Amino acid sequence: MAESAIFVWEGIDKQGKKTKGEIASSNPAIAKAQLRSQGINATKVRKKSKGFSLGGGGSIKPADIALFTRQMATMMKAGIPLVQAFEIVAEGLDKPKLGELIRAVRNDVASGNSFAVALRKHPKYFDDLFCNLVDAGEQSGSLEIMLERIATYKEKTESLKAKVKKAMTYPIAVLCVAMVVSGILLIKVVPQFQDVFAGFGAELPAFTLMVIGLSEFMQEYWLAIIVGIVVAVVSFSAARRRSKALRDAIDRIALKMPVAGNIIVKSSVAKYARTLATTFAAGVPLVDALNSVAGSTGNSVYTAAVYKVRDDVSTGQQLNFSMRNTGVFPNMIIQMVAIGEESGALDDMLAKSADYYEEQVDNAVDSLTALMEPVIMSVLGVLIGGLIIAMYLPIFQLGAVVGG
């Protein structure tokens, strides 16, 4: 089937009034036929231009996919047919790209493909785990229940990512602002004081001389410093993208970081428990479920551990023993898994474990934010206050000499 696109049309409706709008179709001729079936005589049909937009014209984010899944689950629980549910959801969206994606999936389903097959044509937005769960829901005749589970899983996963991101980016962002302000002071403000000090005819304090020397260095090489920082960041990002060894090393180091490492550990365990609970509850065999779970932990150390657990479980070993042997899972989740295996309620125990560790991440992020605020203020005080003191020190000394 040809790829769907959005067409802008103008025409005359049944009452003879001019009207216009947008329609998803594979080509203008089919778009005109679709409009005719709705009682509209199309006079002009053209493909909608994508135009220019900062941020990719409303790029599709994982949170958008979570929202789409939740809306589809709600529509299906209300008894709305699948194809019609796609159209209703697409019409209520603000992001054109997401609307195009949903209409493309709808057209595939309307042409006879299953929901899972239609989703697999868009791997950028729907991963194997998502597609496999939808497939399981279709096969078992409980698609609306499965969509609700997927929506809950996606929402909690995105919420967890946002919390970890907040913990990591907040102090970095503030320190970057501090560095920019310090740079502006050194390049623009300190030279003004330097001109004033030149008329003093007295020896300047060592601290002031040091700041003036730093200012002269910044004035001379500020462009080279900025270019160097940009090149270093881009080179590091490219190396990290290409080198699995570097990514693994960074992930190992991240787990050992003070405070932040604890958040990453709990986040990875929460993702593991949430994903495994969702897949296992959907009726996916444990070994297959572990295979899907491995890539969702967000850390290569835990990815490798899950693959080892999968291999051990496939040989007949209990899940809790396999997890204990990896040495990376906390005792609490191992005990919960053991209880779940004994009682036959593994998915329920995994879901409870996920709730627990998600709450732990939330608390840890709040604690880290509260801890970082005074530290950041102290750093800002030392950087900015130090520069100001260095500039006013000669004036204070001069005042003391005059006053004496």
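Higher on the page you've got the structure.
First things first, this report covers the structure right here in the doc. (Residues numbered from 1 in each chain as written. Predicted model: local features only at pLDDT ≥ 70, side-chain atom pairs only at ≥ 80, totals over all residues. Heavy atoms only, no water.)

## Remarks on the overall build of the chain
As a reminder, the rule being used: The helix count covers DSSP runs of H or I at least four residues long, the strand count covers runs of E at least two residues long, and both are numbered beginning at the N terminus. For a compact globule the rule gives 2.2 Å times the number of residues to the power 0.38, and the radius of gyration it is set against comes from C-alpha atoms. Only protein chains enter the accessibility calculation, which uses a 1.4 Å probe. A residue is then buried if its area is under 20% of the maximum for its type, exposed if over 50%, and partly exposed in between. The criterion used for residue contact is that any of the two residues' heavy atoms lie within 4.5 Å. Accessible surface area values rest on a Shrake-Rupley calculation with a 1.4 Å probe, where residue burial reflects the displayed protein chains alone. Think of it this way: Lys and Arg go in the positive column, Asp and Glu in the negative one, and His and the chain ends go nowhere. Just so you know, the charge point we use is NZ for Lys, CZ for Arg, CG for Asp and CD for Glu.
On a plain count of helices and strands, the chain comes out with 15 helices and 3 strands. Relative to the globule expectation of 22 Å for 404 residues, the C-alpha radius of gyration of the chain, 30 Å, shows a markedly less compact shape. Taken along its principal axes, the extent of the C-alpha atoms in the chain is 95 × 70 × 35 Å. With 404 residues in all, the chain has 39% of them scored as buried. Across the chain, contacts joining residues at least 24 apart in sequence account for 59% of those joining residues at least 6 apart. A total accessible area of about 22,100 Å² is found for the chain, and carbon and sulfur atoms account for 60% of it. Looking at charge distribution, the chain has the averaged site of its 43 positive side-chain charges lying 7 Å from that of its 37 negative ones.

## Here's the deal with the environment of T275
Counted only if it meets this: Side-chain atoms alone can form a polar contact between residues adjacent in sequence; in general such a contact is a pair of N or O atoms within 3.5 Å, and within protein one must be able to donate a hydrogen while the other accepts it.
Mapped onto the elements, T275 comes out in helix 10 (residues 260-281). Assessed through its relative accessible area of 2%, T275 is described here as buried. Separated by 14 residues in the primary sequence, T275 and A289 have C-alpha atoms spaced 8.5 Å apart. Not counting residues within four places of it along the chain, the set of residues in contact with T275 comprises L129, Y153, V293 and S296. Polar contacts involving the side chain of T275 include one to the main-chain carbonyl oxygen of K271, which spans 2.7 Å.

## Some remarks on the packing of helix 9 (residues 244-256) against helix 12 (residues 300-314)
Put simply, the rule reads: Between the N-to-C directions of two axes lies an angle of 0 to 180 degrees, each axis being a line fitted to C-alpha atoms and, for a helix, fitted only over the stretch in contact. Put simply, angles under 35 degrees are roughly parallel, angles over 145 are roughly antiparallel, angles from 65 to 115 are roughly perpendicular, and the rest are oblique. Three residue categories are used. Nonpolar comprises Ala, Val, Leu, Ile, Met, Phe, Trp, Tyr, Cys and Pro, charged comprises Asp, Glu, Lys and Arg, and polar comprises the others, including Gly.
In contact at an axis separation of 8 Å, helix 9 and helix 12 are set at 100° when each is read in the N-to-C sense. What the angle tells us is that helix 9 and helix 12 run roughly perpendicular. Facing R247, D248, D251, R252 and L255 of helix 9, the residues of helix 12 in contact are S300, V301 and Y302. The residue inventory of the contact of helix 9 with helix 12, partitioned by class, reads 3 nonpolar, 1 polar and 4 charged.

## Section: the side chain of K271
Rule in force here: What counts as a salt bridge is simple: a side-chain nitrogen of Lys or Arg found within 4 Å of a carboxyl oxygen of Asp or Glu.
Along the chain, K271 turns up in helix 10. With no salt bridge to any partner, buried K271 finds its closest opposite charge in E158, at an N-O distance of 8.3 Å. In contact with K271, not counting residues within four places along its chain, are L160, K161, S296, T297 and G298.

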